[in-house]
Structure formats: structure tokens, C-alpha cells
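Each chain, letter by letter, is given below.
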Amino acid sequence: MIRGLHRLLVFATMFVAGAALSDVPGDPDRGATIFSKCKGCHQVGPDAVNRIGPHLNGIFGRPAASIAGFAYSKPMKRAGSDGVVWTHETLDGFLENPKALVSGTRMSFRGLSDPQDRADIMAYLRVYSDDPSNIPEAEPTARATDHNVDPAILAIQGDPEYGEYLSSECKTCHQRDGGDDGIPSITLWPEEDFVVAMQAYKRKLRPHPVMQMMAGRLSDEEIAALAAYFKTLE
Amino acid sequence: MTFNRRAFIGSATAATAALSSPMVMAAGAGKPNVVVVGGGAGGATAARYIAKDSKGAINVTLIEPTRVYYTCFFSNLYIGGYREMASLGHSYGTLATEGVNVVHDWAIGVDRDAKTVSLAGGGTVPYDKLILSPGIDFVDGAVEGWDLSAQNAMPHAYKAGSQTELLKAQIEAMPAGGTFAMVAPPNPYRCPPGPYERVSMVAHLLKEKNPTAKIIVADPKAKFSKMALFQEGWANHYEGMVDWIGEEFGGGNVSVDPDAMTVTIDGEVTKVDACNVIPAMKAGRIAELAGVTDGNWAPVNGADMSTKADADIYVLGDSCQQGDMPKSGFSANSQAKVCANAVRGALTGSKVFPAKFSNTCWSLIDTDDGVKVGATYEATPEKIAKVDGFISQTGETSVVRKATYEESVGWYAGITADIFG
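Residues numbered from 1 in each chain as written. Chains lettered and ligands numbered in written order. Predicted model: local features only at pLDDT ≥ 70, side-chain atom pairs only at ≥ 80, totals over all residues. Heavy atoms only, no water.

Peer 1: In this structure, what is going on with the nonpolar core? I would like to understand it.
Peer 2: Taken as a class, soluble globular proteins show a tendency for nonpolar side chains to be buried jointly. I131(B), L132(B), I171(B) and W411(B) are the most contacted members of the largest nonpolar core, which totals 149 residues. With 8 residues, the top contributor of residues to this core is helix α10 (residues 329–348) of chain B. Core analysis: the next-biggest nonpolar cluster, separate from the first, contains 26 residues, M76(A), L95(A), L112(A) and Y124(A) among them. (Core = buried A, V, L, I, M, F, W, Y, C linked by side-chain atoms within 4.5 Å. Buried < 20%, exposed > 50% of the residue type's maximum accessible area, 1.4 Å probe, protein only. Helix = DSSP H or I, 4+ residues; strand = E, 2+ residues; numbered from the N terminus.)

So this is what it looks like as C-alpha cells:
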């Protein structure tokens, strides 16, 4: 249950932290120096191979967990099948705190809190990605969109009774007891995180066709109602 | 739950509604009675939600002949060897402990004037609101040469359980290089991708045990659900094994001889070793006996699933004719929740929320190769109308297909927990 919860916090953290995104084009030389922190597990460059971590050639534009034969963690595989692609934005979030973006990843690294460090390291990795052109407009160094949810939407007080009715539709797939095999857990979410995630599906920022469709027709009030209801489930 | 402004308004509405509702007044001191016929995805969900949400204010009786209900959804995976039959069986213990009066009997008649349901075992059950969710029956004479007396020689396997086990046993007993035939049904029918997922699962089984065997599908339709996805999958996984004969090649001109074990398609007689006849379908018989059908199905109002024929009788799932939703367990479950909310509102004055429906159908083509199609729906005055939808794409990566399959397994656990507890 906790695992499921974390998995969702990811994007929440990412969106809320949007403002702190390192959107400055970085310095690849300085990045090469910082990369020494990563070298114990990852290789990049002409002869790079998978070691403890996967090689990082061509990382930009690559779906998460997509190198054949590398033994990714289950959460990383799910991130990949859910459609996470390594872009400037997602990689920035991951480097800031790997476990916030992909909870349960085996990448045992506390993260880089300085946006400039992250920008530099990405500028370095970018050298080994295909077609690394068009700074700063195009990937891999395009500016991220603002994923913050309007505070007015977060402030809506949901009606838990309506939320309970609406939730019956969720419970066709998501288990009320918090089970998360094949389909993530839906219980015990902090209200704000729930709203942020559902709004992201509604705006088709988060991948997954079923969730985009389900969230797409929920009004802001209905999302708030669901958040208010699911908060009460144990 | 906190006692907020809306909850207060809801209670006030409830009190007003109770005073103004002749139904509740007429019921007097006794609690209103809801009778549900059919304990599948529609009926069991409706019974459970009404009992749970009314917190004892409504008597709920569920009439279902079988003690253990085998879901038709996922029964193809049993044929393919991915599921045990026991994993598809569900009993009604949780519903009983949650206050549903579960009666294992056949409903054999409805007296709409007296508002009672009669049971095969004798006796009648009174209702204020009657919910029928009897699934499907087969249209008599739909496939020339086949009737229910032939279902052992040529199983339909479209009501899960012994029929499914029989079909699988017959396929496993086919001689090397033998022929399996399927007679596919015309629209509308239960589970639109079901016959084609079945073809995939039979192909998977034969590929393992009898790789030179052939599969012939006689189909009265020119196209079918997820057609491009299935045909891509059959070409990828079972090359040369599946011969689908659609409408334009005479797939609808079919007769069978269960004694001789032959299938005649557009005049050409083929000797077969196993044959799955899935005839044209109609609403479960009790809907017809209740007089709420028009033709093969029971027309309903999308807002609450009440029938056009009788405002106190509701029809859910495969038996109803509602508009754009496919006949599926997911749809029945979705319709049941809208119906439960409306019935509870009508009987106790609880708040009635707007109808929202959804459906997703997952199908398995081969190991870790899952696909899905889904949509959301709303009630309009005319029908239940599609709002938005999606479908898996051809050429998806194996990672996506595996995740889709795993999602379907999660969905099965989720929906059966929702229906049966």
C-alpha cells in the first residue's frame, strides 16, 4: 500500500517542484566532473556498457526501463510501461530525488539538490544522446511546462458523499483494500496529491489512456469530491 | 465523514422526499423491498451496493440459482491455460454477511400487478423495485442444426463453467492436425471481443499441444471488435493457423450437424474435431417473462436503468438495450452502480447523483500480449451515449502489451472484489 502511495507522490512532487526546475542550459565540462558521482554504477560514452546501472548513451528521448536485457526494478519497469520518457523535465525530477520520481528504484542515490548541478550533468549526458541540437528550445533542454495546479482548484472542498458515489466507478479496477497488483493503489492519498495527479491525467500530462479518459470527464469539483472520499478509506 | 453543509442539505432533502413519496408512505412501518434476479456482474453489484449504502433501510433479496458463480470474463484464459477454473468461481458469502438475503433458486415469473416474483422452488417474493440482471439466453434456431440438446457435442461455452471445461477438454482431445471450428454470433452479443480472444486462446493451446491443427471461424459479421489487433496477433503468434471466414465469404451461411460433427459454410462441408457454436443471443428468459422486452432485449432509460415498459422494473447488463455500451461484465457493473444509486434514492430519498458509465474490455492474444478498448458514457434522453474512448494500437511494444495484460489481471481482482467481496 505504501509502495503504491509513493509511486503516485512522484509526479505530485514533480509538478509542485516545477518552479525549482533547473531550466538553465548547463555546462558539460562541469557536468563531466559531477558525473564522477555516477560512475560507480553508470557508464556513458563510446564503449559504455550496462553495469550496476544501465548505460546512459542516448538517454534523452528513451522510455524508462527500455534497454533490453537490463534487470530493471519493478517500479522502474512500471514507469516505463506507463509512458515515462527521459526528457529534460523527467530526468531533472529524477536526478533531484530518484525515489520521488520512481519509488522503489534500485538507484541508491540521494539526488542533486542544486539545479545548476543537474543542468550541468544533463548537458554532459546530452553529448552522448542522438541529435543533441537546438539548445534551449528543443529536447533535451527545452524548458518544462508549468505543472502546478491552480491553488483555487486545490482549495475546493470536496463532498465526500458525492465522492463515494463517483468512487464506485474507480473501484471496478482499483481495490478498496489498497491492493496494487497490476493496478495501482488508490487509498490513503493526501487530498492535494490526489487532486494534482488527477488533474495531470485530465490534462493528459500523465500517461495512461484509461486514466486520461476517466479523469478527462471529471469536473474540478468531482475530483475534489473523490479526493475527500478516498482520504477517508483505510 | 464530516457533517458538512452538503451532507446537511442531503438529509433535509431525504426528509422532504420521504414525506412526499407515496411509495415510502405506502410501505408504512415495513422496509421497502428490492428483489434482484441474477447474481452476476450486474445483479450482485446492485444487490451489494443497495444493501451496503442503505445501511439496513432496504430489504434486498438476490435470487441466483448457482452457489458458485463462474465469471464469463476471463474464462477464455482458462482455455488458454492461464487460469484455473476455480479462480473464476465466486460465492455469495460476503453479500450475505453484508445484509443481502441470498436465495438460491430460479425466478420463473413476475406478476407486475401484485409486484411479486415467483420461484421454481415454490413461493413468491414481493418487491417494490425489481432489478433483473439475468445475462443472456440463445435465440432458438439461430444456427441451423444446433439447439441446446446439441450443447454437449458442440458447446457454446458462453455461460462459463461446465461448458467451458467441456470445450477445453474437446480441444485437448483433438487428433494431431485436427480441425477446430467456431461459429461466431451476430451483433449484438455478450462480450464483443470474446469470440476472438477465444480463438487466440484456442490457438495458444493448440500451438503448444497440437501445432499442426487448424482453426476455422465462420462469422456472420464483416468486422469485429479489435479486429486489426487480433488479426495482427494471429499473424504474429499463430501464422497460418487461423482461417477467419467473414460475411463476404459466406461466413454467415452456416449449418452444423452435431451427430456427424460437420460444419457447412457457404455450401462447403467440413469435418471437424471440436466445434464451438456461439448462437445469436437474447435477454435472459425472465426479462421476457416479466414482459419488459421488445424483440430480443429489454429497452431501458439510461438515467436509472428502469425499463421503458415498467418504471418499477430495472434491467442491467447483457439483457438490456441501452444504446452505445457493449454487453460486458464491466458495463453491467457500471450500470448496476447507477441503478443502485437511483433505486436507493427512489425508496429512501437518499441523494441521487448523475449517471456516469464506463467500460474497458481487455483481451489476451498470447502470453503477455494484452490489448484493450474502452470508453465512457452518459445518459441522454434517447440512450446511453458514448462520450470518449480509446483502443490499443497495432505495433505496440511488448512492454506495453505485457503491462496491459498485467493490468487486466489487476482489473479482474478489482472487479470481482467489487462484485462479490
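Peer 1: Explain the sheet that holds strand β12 (residues 214–218) of chain B to me, please; I cannot follow it from the model alone.
Peer 2: Strands in a sheet are paired, the pairing made by backbone hydrogen bonds, and the direction either parallel or antiparallel. All names here are of chain B. The strand order across the open sheet formed by 4 strands is β13-β12-β11-β17, and the pairing between neighbours is parallel. Single-partner strands in this sheet number two, and they are β13 (242–245) and β17 (274–277). Each strand of the sheet is rotated relative to its neighbour by a mean of 15°, with strand direction disregarded. Examined bridge by bridge, strand β11 (residues 179–183) and β17 share 4 bridges and lie parallel to one another. Its bridge partner lying in β17, A181 is registered against C275. Running over the sheet, helix α6 (residues 162–172) touches β11 and β17 and is turned about 150° from β17. The strands touched by helix α7 (residues 194–209) are β11, β12, β13 and β17; relative to β12, the strand with the most contacts, the crossing angle is about 170°. (Pairing = 2+ DSSP bridges. Axes fitted to C-alpha atoms, helices over the stretch in contact; angles between N-to-C directions. Contact = heavy atoms within 4.5 Å.)

Peer 1: It is not clear to me how α6(B) should be interpreted in this structure. Could you clarify?
Peer 2: Note that an α-helix has 3.6 residues per turn; residues three or four places apart therefore point the same way. Residue and element names in this part refer to chain B. Considered for burial, the residues of α6 that qualify are Q163, T164, L167, K168, Q170 and I171. Considered in projection along α6, the buried side chains sweep an arc of 160° and stay on one side of the axis. Buried residues along α6 sit against α4 (75–80), β11, α7 and β17. (Arc of directions from axis to C-beta.)

Peer 1: Help me out: how do you make sense of the pairing of strand β7 (residues 116–119) of chain B in this one?
Peer 2: It is a general feature of regular strands that their side chains alternate between the two faces of the sheet. Residues and elements named next belong to chain B. Sheet analysis places strand β6 (residues 107–111) next to β7, joined by 4 bridges and oriented antiparallel. Looking at β7, one finds that G109 is bridged to S118. The hairpin formed by β6 and β7 contains 4 residues between the paired strands, and K115 there has a positive phi angle of roughly 55°. Where β7 and strand β8 (residues 124–126) come together, 3 bridges link them in antiparallel fashion.

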